Amino acid sequence: MYERALNNNQSSIEAVSISSFNKSSNEVESRFVNLKYIKNEEWIFFSNYNSQKAKNFKDHDQISALFYWRSINIQIRIKAKIFKTSTYFSDEHFISRS
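From a predicted model like this one, the values you see are computed outputs, not experimental measurements.

Observations regarding the pattern of salt bridges
Okay, step 1: Counting across every chain of the model gives two salt bridges.
Okay, step 2: Put simply, R31 and E29 hold a salt bridge, and the shortest N to O gap is 4.0 Å.
Okay, step 3: Looking at E29, the relative accessible area reads 24%, which means it is partly exposed.
Okay, step 4: As a salt-bridge pair, D61 and K81 come within 3.4 Å of each other at their nearest N and O atoms. Taken as a pair, D61 in the loop between α2 (52-59) and β5 (62-69) and K81 in strand β6 (residues 74-81) lie far apart in primary sequence, 20 residues in all.
Okay, step 5: Residue class for K81 comes out exposed when judged on its relative accessible area of 58%.

Brief notes about the pairing of strand β1 (residues 15-22)
Okay, step 1: When you tally the buried positions in β1, you get seven out of eight residues, the bulk of the element.
Okay, step 2: Pairing geometry for β1 and strand β2 (residues 27-34), over eight bridges, is antiparallel. The residue of β2 that forms the bridge with N22 is E27.
Okay, step 3: Across three bridges, β1 lies against β5 in antiparallel orientation. Within β5, the residue paired with S19 across the bridge is S64.

Examining the pairing of β6
Okay, step 1: Both β5 and β6 contribute to a ladder of eight bridges, which runs antiparallel. The residue bridging L66 from the neighbouring strand is R77, located in β6.
Okay, step 2: The antiparallel hairpin formed by β5 and β6 contains four residues in its connecting segment, where N73 sits at a positive phi of about 55°.

Here's the deal with the nonpolar core
Okay, step 1: Counting residues in hydrophobic clusters, the biggest one holds 14 residues, and the most contacted among them are V16, I18, F45, F57 and W69.
Okay, step 2: When contributions to this core are tallied by element, the ones reaching two or more residues are β1 and β5.
Okay, step 3: A total of four residues in this core trace back to one element, the largest contributor, which is β5.
Okay, step 4: Apart from the residues lying within four places of it in its own chain, the contact partners of F45 are I18, V33, N34, L35, K36, F57 and I82.

Thresholds applied
Residues numbered from 1 in each chain as written. Predicted model: local features only at pLDDT ≥ 70, side-chain atom pairs only at ≥ 80, totals over all residues. Heavy atoms only, no water. Salt bridge = Lys/Arg side-chain N within 4 Å of Asp/Glu carboxyl O. Buried < 20%, exposed > 50% of the residue type's maximum accessible area, 1.4 Å probe, protein only. Helix = DSSP H or I, 4+ residues; strand = E, 2+ residues; numbered from the N terminus. Pairing = 2+ DSSP bridges. Core = buried A, V, L, I, M, F, W, Y, C linked by side-chain atoms within 4.5 Å. Contact = heavy atoms within 4.5 Å.

Structure representation (structure tokens):
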């Protein structure tokens, strides 16, 4: 599907809505992030570890992710467990940015 969306000039193809559970408010919260890497079974995006979403991830490690690619009229829904990448991986990513 990704290749099809890419070939159909899908804008913001890396944008994914991530939903997490906020234990304090007992509510689900969603926000868009940019998927940066797919390495084997790991789908990687970055977050400020002091943000509310990072706190949500720490308190409840299950998320829901949603891609919508209008160019091919497809939505992809994923449920997953979330965890931090290694400090080395994160540092290498940020060092390599222009």
